[in-house]
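Analysis of the macromolecular model
What follows is each chain in one-letter form.
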Amino acid sequence: RKLTEELEQRVKEQTSEVFAVHERLELATQAAELGTWDWNVRTNQLLWDNQMYKISRVDKDSFTGNIDLSMRRIHLEDVEIVKQKMQELLNGSSVYGQLEYRILRGDGSIGYLKTHAVVQRNANHQVERIIGMVQDVTHEKHAESALRESNDRLSIANLKLETAMQVKDEFLASMSHELRTPL
């Protein structure tokens, strides 16, 4: 009986610790605005946390949890890259995956995501589930694009300035020659 009580106490302590770790993890993902997902490969069901709905701008009621339907939200130009990475994870050639791709959000806008995934296998080394985190990097991508456009405009302005300086130098050289010759 005493041994049973000690075991029950340990189970309670460990359960309490697991809940504490879960709460810390949830707090960290909320603070970092990271979405988490869990794909059960055997049932083909996908689970999202609340942040995933926010990132994807999808209603909880309209989300079916079917991985195939979720793959349709991936931008057409990025579908093959995502499928290739998922196949690598399923085949075992990659234990840890990291990928950036675009999605079509529920409101029709395009979002840029960076995702990290880990494969969980059973005792027979078969893939059971793939668990991942998603970070919305849309603002960073737009900032990079704006910076590139600004750099391009600056390069063009520099070329025009260089051309103007060359024309000015040629004009001054010509004027200097024209003035010195009669003198």
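Thresholds, definitions, all that
- Residues numbered from 1 in each chain as written.
- Predicted model: local features only at pLDDT ≥ 70, side-chain atom pairs only at ≥ 80, totals over all residues.
- Heavy atoms only, no water.
- Helix = DSSP H or I, 4+ residues; strand = E, 2+ residues; numbered from the N terminus.
- Rg over C-alpha atoms; globule rule 2.2 N^0.38 Å.
- Buried < 20%, exposed > 50% of the residue type's maximum accessible area, 1.4 Å probe, protein only.
- Contact = heavy atoms within 4.5 Å.
- Areas by Shrake-Rupley, 256 points an atom, 1.4 Å probe, with all protein chains shown as cover.
- Lys, Arg positive; Asp, Glu negative; His and termini not counted.
- Charge placed at Lys NZ, Arg CZ, Asp CG, Glu CD.
- Core = buried A, V, L, I, M, F, W, Y, C linked by side-chain atoms within 4.5 Å.
- Phe/Tyr/Trp six-rings, centres within 6.5 Å; stacked < 30°, edge-to-face > 60°.
- Salt bridge = Lys/Arg side-chain N within 4 Å of Asp/Glu carboxyl O.

**Quick word on the overall build of the chain**
Regarding its fold elements, the chain presents five helices and five strands. Relative to a compact globule of 183 residues, whose C-alpha radius of gyration would be 16 Å, the chain shows 29 Å and is clearly more extended. Judged by the C-alpha coordinates and their principal axes, the chain covers about 120 × 35 × 35 Å. Put simply, the chain has 183 residues, and 26% of those count as buried. Look at the contacts in the chain between residues 6 or more apart in sequence, and 42% of them connect residues 24 or more apart. Roughly 13500 Å² of accessible area belongs to the chain as shown, and the carbon and sulfur atoms make up 55% of that amount. Charge centroids of the chain, computed over 24 positive and 29 negative side chains, lie 2 Å from each other.

**Examining the nonpolar core**
Judged by nonpolar contacts, the single largest core of 25 residues is most densely connected at Trp 37, Trp 39, Leu 46, Trp 48, Val 82, Tyr 101 and Ile 130. Counting residues per element, the ones that place at least two in this core are strand S1 (34-40), strand S2 (45-48), helix H2 (50-56), helix H3 (67-71), helix H4 (79-91), strand S3 (96-104), strand S4 (110-121) and strand S5 (127-136). Element by element, the count of residues in this core is highest for H4, at four residues.

**What about the packing of aromatic side chains?**
Tallied over the full model, the rule gives three aromatic pairs. On the numbers, 4.0 Å between centres and 25° between planes, the contact of Trp 48 with Phe 63 is stacked. In this pair, Trp 48 sits in strand S2 while Phe 63 sits in the loop between H2 and H3, placing the two residues 15 residues apart along the sequence. Owing to a relative accessible area of 16%, Trp 48 belongs among the buried residues under this scheme. Judged by its relative accessible area of 15%, Phe 63 is buried.

**Focus: the pattern of salt bridges**
Tallied over the full model, the rule gives 13 salt bridges. The partner of Glu 100 in a salt bridge is Lys 141, and the shortest N-O contact between them spans 2.8 Å. Of this pair, Glu 100 sits in strand S3 while Lys 141 is found in helix H5 (residues 138-180), placing the two residues 41 residues apart along the sequence. Residue classification places Lys 141 among the partly exposed residues on the basis of a relative accessible area of 24%. Across the pair Lys 141 and Glu 144 runs a salt bridge, and its minimum N-O distance is 3.9 Å. With a gap of three residues between them, Lys 141 and Glu 144 both fall in helix H5, about one helical turn apart. The class of Glu 144 is partly exposed, set by a relative accessible area of 39%. Shared partners join several salt bridges into a network, and the residues in it are Glu 100, Lys 114, Lys 141 and Glu 144.

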